[in-house]
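Summary of structural features
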Amino acid sequence: MTLLQWLKHAASRLESAGVDSFKLDAQLLAGKALQKERSWILAHGDESVDSEVEQLESLLYRRIKREPLAYILGYREFYGRSYTVSPAVLIPRQETEDLIETILSYIPNDEPLKILDIGTGSGCIPITLKLERPQTEVFAVDISSEALELARVNAKNLHAEIQFQQSDLLNSLDQNSKFNFIVSNPPYIRNDFSMAPDIKLYEPHLALFGGEKGWEIYERLVHDAPKFLLPNGYLILEHGYDQKDILIGLFTANGWRLVTAKKDISGIDRILVFNH
Ligand code: GLN
């Protein structure tokens, strides 16, 4: 069998399994199995893959079962950098790149500000912020020790100096710590929300689901965050598509001031900026 024949077979199996990006996924799976770049895969359709069929088929089988491509490949690009990912962490999302853009717009290039990321997962948020604004001091917490372990690997690989700590939201932080920015993309999905099998069966439920309502984590942050913010500090949050008004109500009723509300690149309400 040639590589091109395998690609066609794999793409058609993936399409039948309901995978939208079936052609691209077939190419990337082949790249992983043959340890080659996608450009090589595209240029070498005539190569025989007879001795690699087992490898190829085992990766194809995983994707047919709807395991996310990022977990199979072991990495995901975020804001132009490659992050190691595993089922211990949420796969970084495009809408979180929009969160990054918003946060960066509040951080001048020259001020040594302190930033805390809550629920850091793969570490994509604090690492990006530190690399884009090297003068800042960046801290990150997560409740999951496995996630923190992976976030540390990513910080090391990408040469970003971040201070990580295990904590359930702000509970284990030094009570005297204060930050100019507290940012978070917390779990915000309603427990009973129906989702694609790729997400629901494979991504960590701890990182996805906020509770019965979905916005339970924000109900904790609204009370816990003020004492960790420096004067004029900002709280910048990613949230679910239908939570904007609820969260604005929740925060403003508890002494916060809405600075701005933003949509993501798909035009969906996604980001809120508050100060206190
Ligand atoms: N902060 C991480 C991210 O944006 C993890 C988010 C989460 O696990 N809810 O990808």
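Preceding block: the structure.
Here's what I pulled together on the structure shown here. These numbers were taken from a predicted model, which means no experiment stands behind them.

1. Some remarks on the overall build of the protein
A tally of helices and strands in the protein yields twelve helices and eleven strands. Over its C-alpha trace the protein gives a radius of gyration of 21 Å, about what one expects of a compact globule, namely 19 Å for 276 residues. Residue burial in the protein is summarised as follows: out of 276 residues, 49% are buried. Taking contacts inside the protein between residues at least 6 apart in sequence as the whole, the part at least 24 apart equals 64%. When the accessible surface of the protein is summed, it comes to about 13,200 Å², and 49% of that surface belongs to carbon and sulfur atoms. Computing the positive centroid from 29 side-chain charges and the negative centroid from 39, the protein places the two 1 Å apart.

2. Comments concerning the packing of aromatic side chains
As enumerated under the stated definition, the model contains eight aromatic pairs in all. Relative to F274, the ring of W256 has its centre 6.4 Å away and its plane inclined at 65 degrees; by these criteria the two rings are edge-to-face. Here F274 lies in strand β11 (residues 269-275) and W256 lies in the loop between α12 (244-252) and β10 (257-263), a separation of 18 residues in the sequence. Residue W256 is classed as buried on the basis of its relative accessible area of 4%. For F274, a relative accessible area of 0% corresponds to the buried category.

3. Describing the packing of helix α11 (residues 216-224) against α12
Between α11 and α12, the least distance of the axes is 10 Å, while the angle of their chain directions is 25 degrees. Between α11 and α12, the crossing angle belongs to the class labelled roughly parallel. When the axes of α11 and α12 are compared, the crossing they make is right-handed. Contact residues: α11 offers Y218, E219 and V222, while α12 offers L247, L250 and F251. Classifying every residue of the contact of α11 with α12 gives five nonpolar, no polar and one charged.

4. Some thoughts on the site of the ligand
In the region of the ligand, the neighbouring residues are L90, T96, G119, T120, G121, C124, I125, N185, P186, P187 and A207. Contact between the ligand and G119: a nitrogen atom at 3.0 Å from a main-chain N or O atom of the residue. Isolated, the ligand exposes 290 Å² of accessible area, and the fraction of that covered by the protein chains is 97%. Counted by class, the shell around the ligand contains six nonpolar, five polar and no charged residues.

5. Details of the side chain of R81
Here R81 lies in strand β2 (residues 81-84). According to the relative accessible area criterion, R81 is buried, its value standing at 18%. Beyond its immediate chain neighbours, meaning those up to four positions away, R81 contacts R76, T128, L131, E132 and L158.

6. Section: the pattern of salt bridges
In the structure shown here, the tally under the stated rule is eleven salt bridges. The partner of D25 in a salt bridge is R63, with the nearest N and O atoms 2.8 Å apart. With D25 in helix α2 (residues 22-34) and R63 in helix α4 (residues 53-64), this residue pair connects regions lying 38 residues apart in the sequence. The exposure classification of D25 matches that of R63, with both residues buried. Two residues, R270 and D264, come together in a salt bridge whose shortest N-O distance is 3.0 Å. Look at R270 and you get buried, because its relative accessible area is 8%.

Each value, and the rule that gives it
- Residues numbered from 1 in each chain as written.
- Predicted model: local features only at pLDDT ≥ 70, side-chain atom pairs only at ≥ 80, totals over all residues.
- Heavy atoms only, no water.
- Helix = DSSP H or I, 4+ residues; strand = E, 2+ residues; numbered from the N terminus.
- Rg over C-alpha atoms; globule rule 2.2 N^0.38 Å.
- Buried < 20%, exposed > 50% of the residue type's maximum accessible area, 1.4 Å probe, protein only.
- Contact = heavy atoms within 4.5 Å.
- Areas by Shrake-Rupley, 256 points an atom, 1.4 Å probe, with all protein chains shown as cover.
- Lys, Arg positive; Asp, Glu negative; His and termini not counted.
- Charge placed at Lys NZ, Arg CZ, Asp CG, Glu CD.
- Phe/Tyr/Trp six-rings, centres within 6.5 Å; stacked < 30°, edge-to-face > 60°.
- Axes fitted to C-alpha atoms, helices over the stretch in contact; angles between N-to-C directions.
- Parallel < 35°, antiparallel > 145°, perpendicular 65-115°, else oblique.
- Left-handed = near helix turned anticlockwise from the far one by under 90°.
- Nonpolar A, V, L, I, M, F, W, Y, C, P; charged D, E, K, R; others polar.
- Near = heavy atom within 4 Å.
- Polar contact = N/O pair within 3.5 Å; in protein donor to acceptor, adjacent residues only side chain to side chain.
- Salt bridge = Lys/Arg side-chain N within 4 Å of Asp/Glu carboxyl O.

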